[in-house]
Amino acid sequence: MAALASLEIENLACVRGGRLVFRGLGARVEGGGLLTVEGANGSGKTSLLRLIAGLSMPQQGTVRLRTNGGGEIAEPEDRARHIGWLGHQDGVKRQLTPLEQLRFFAEFYGGTADEEATLSRVGLSTARDLPIQYLSAGQKKRLALARLQVSGRPLWLLDEPLAALDVEGKSLVADLIGAHCAAGGIAVAATHESLGIACERLHLA
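All figures in this text were calculated on a predicted structure; none of them were measured in a lab. (Residues numbered from 1 in each chain as written. Predicted model: local features only at pLDDT ≥ 70, side-chain atom pairs only at ≥ 80, totals over all residues. Heavy atoms only, no water.)

1. Topic: the overall build of the chain
At step 1: A tally of regular secondary structure across the chain gives 6 helices and 9 strands.
At step 2: Its C-alpha atoms give the chain a radius of gyration of 17 Å, near enough to 17 Å, the size a compact globule of 205 residues would have.
At step 3: By principal-axis analysis of the C-alpha atoms, the chain measures approximately 50 × 40 × 30 Å.
At step 4: Residues counted as buried form 47% of the 205 residues belonging to the chain.
At step 5: Pairs at least 24 residues apart make up 71% of the contacts formed inside the chain by residues separated by at least 6 positions.
At step 6: Where the 22 positive side-chain charges of the chain centre and where its 22 negative ones centre are 5 Å apart. (Helix = DSSP H or I, 4+ residues; strand = E, 2+ residues; numbered from the N terminus. Rg over C-alpha atoms; globule rule 2.2 N^0.38 Å. Buried < 20%, exposed > 50% of the residue type's maximum accessible area, 1.4 Å probe, protein only. Contact = heavy atoms within 4.5 Å. Lys, Arg positive; Asp, Glu negative; His and termini not counted. Charge placed at Lys NZ, Arg CZ, Asp CG, Glu CD.)

Following this line, the structure appears as structure tokens:
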């Protein structure tokens, strides 16, 4: 994982469906840091993640990544190469098994992950050869977490990472985010629930 020095958000404004969602938004997350984005439904949590990821364009403002060497990464396509995304859509092929799907993503990201060990880490060893269409919602979320692990991306954007998970699964999320940040990664999580980890908070009204 190529470490980043920081994620910087300056004077960001978001318009969705012709409605101003937020404006003047700013935040900075240093390497090894976690930022949670909180707020009511419709306050723009997911929209902010999409702006950071470059999936949407802001009405105004800038999003940039800074490398440890002092370089600046501001263009959306360039930022995308540093981002691992965990959203509401699982983005998997239902006919494949978790192991087959994870091997595909590991090759796609060009990583050197041990797919079987990664599945074990997220509690899917016994389901590794079961077609994904038979997995529960919680198991699919665990597979999405495994995909995040093999991505090797230094910036994780997490949209409601605790959704559909039981108590053990929520503890797993906290452990994985903690390990990612301890290794120098950055995480931004939109969440209604506390992750149980020390973090900076950004509240959207």
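2. So, the sheet that holds strand E2 (residues 19-30)
At step 1: Read across the open sheet, the 4 strands follow the order E2-E1-E4-E5; overall the sheet is antiparallel. The open sheet has two free edges, formed respectively by E2 and strand E5 (72-73), since each of these has just one partner strand.
At step 2: Strands in contact with helix H1 (residues 45-53) are strand E1 (4-16), E2 and strand E4 (60-67); relative to E1, the strand with the most contacts, it is inclined by about 125 degrees. (Pairing = 2+ DSSP bridges. Axes fitted to C-alpha atoms, helices over the stretch in contact; angles between N-to-C directions.)

3. Brief notes about the environment of Glu-30
At step 1: For Glu-30, the position within the fold is in strand E2.
At step 2: By relative accessible area, Glu-30 is classed as partly exposed at 40%.
At step 3: For the pair Glu-30 and Leu-143, spaced 113 residues apart in sequence, the C-alpha separation works out to 28 Å.
At step 4: Ignoring anything within four residues of it in the chain, the contact list for Glu-30 reads Ala-5, Ser-6 and Ile-186.

4. Things to note about the sheet that holds strand E8 (residues 186-190)
Pairing between the strands of a sheet is mediated by backbone hydrogen bonds and can be parallel or antiparallel.
At step 1: The sheet built from 5 strands is open, its strands ordered E6-E7-E8-E3-E9 with parallel pairing. Single-partner strands in this sheet number two, and they are strand E6 (83-86) and strand E9 (200-204). Across this sheet, the average inter-strand angle for adjacent strands is 15 degrees, counted without regard to direction.
At step 2: Two strands pair when backbone bridges link them, and strand E7 (residues 155-159) and E8 are joined in this way by 5 bridges, in the parallel orientation. Residue pairing across strands places Asp-159 opposite Ala-190, the latter belonging to E8.
At step 3: Packed onto the sheet, helix H5 (residues 137-151) meets E6 and E7 and runs at close to 180 degrees relative to E6.

5. Observations concerning the side chain of Lys-140
At step 1: Examined against the element boundaries, Lys-140 turns out to sit in helix H5.
At step 2: Relative accessible area serves as the criterion here: at 19%, Lys-140 is assigned to the buried category.
At step 3: With residues up to four places along the chain from it excluded, the contact list for Lys-140 reads Asp-90, Arg-94, Ile-132 and Leu-135.

6. Looking at unusual backbone geometry
At step 1: We note that Asn-11 has phi near 50 degrees; this positive angle belongs to a residue other than glycine.
At step 2: Positionally, Asn-11 belongs in strand E1.
At step 3: With relative accessibility at 45%, the residue Asn-11 sits in the partly exposed group.
At step 4: In this structure, Glu-160 is a non-glycine residue whose phi angle is positive, near 50 degrees.
At step 5: Here Glu-160 shows up in the loop between E7 and helix H6 (167-182).
At step 6: Overall, Glu-160 belongs to the buried group, its relative accessible area being 14%.

7. Quick look at the environment of Asp-129
At step 1: Mapped onto the elements of the fold, Asp-129 is located in the loop between helix H4 (115-121) and H5.
At step 2: Overall, Asp-129 belongs to the exposed group, its relative accessible area being 52%.
At step 3: With 31 residues separating them along the chain, Asp-129 and Pro-98 place their C-alpha atoms 6.5 Å apart.
At step 4: Once you skip the residues sitting within four places of it in the chain, Asp-129 turns out to touch Thr-97 and Leu-99.
At step 5: Of note is the side chain of Asp-129, whose polar atom sits 3.2 Å from the side chain of Arg-128. (Polar contact = N/O pair within 3.5 Å; in protein donor to acceptor, adjacent residues only side chain to side chain.)

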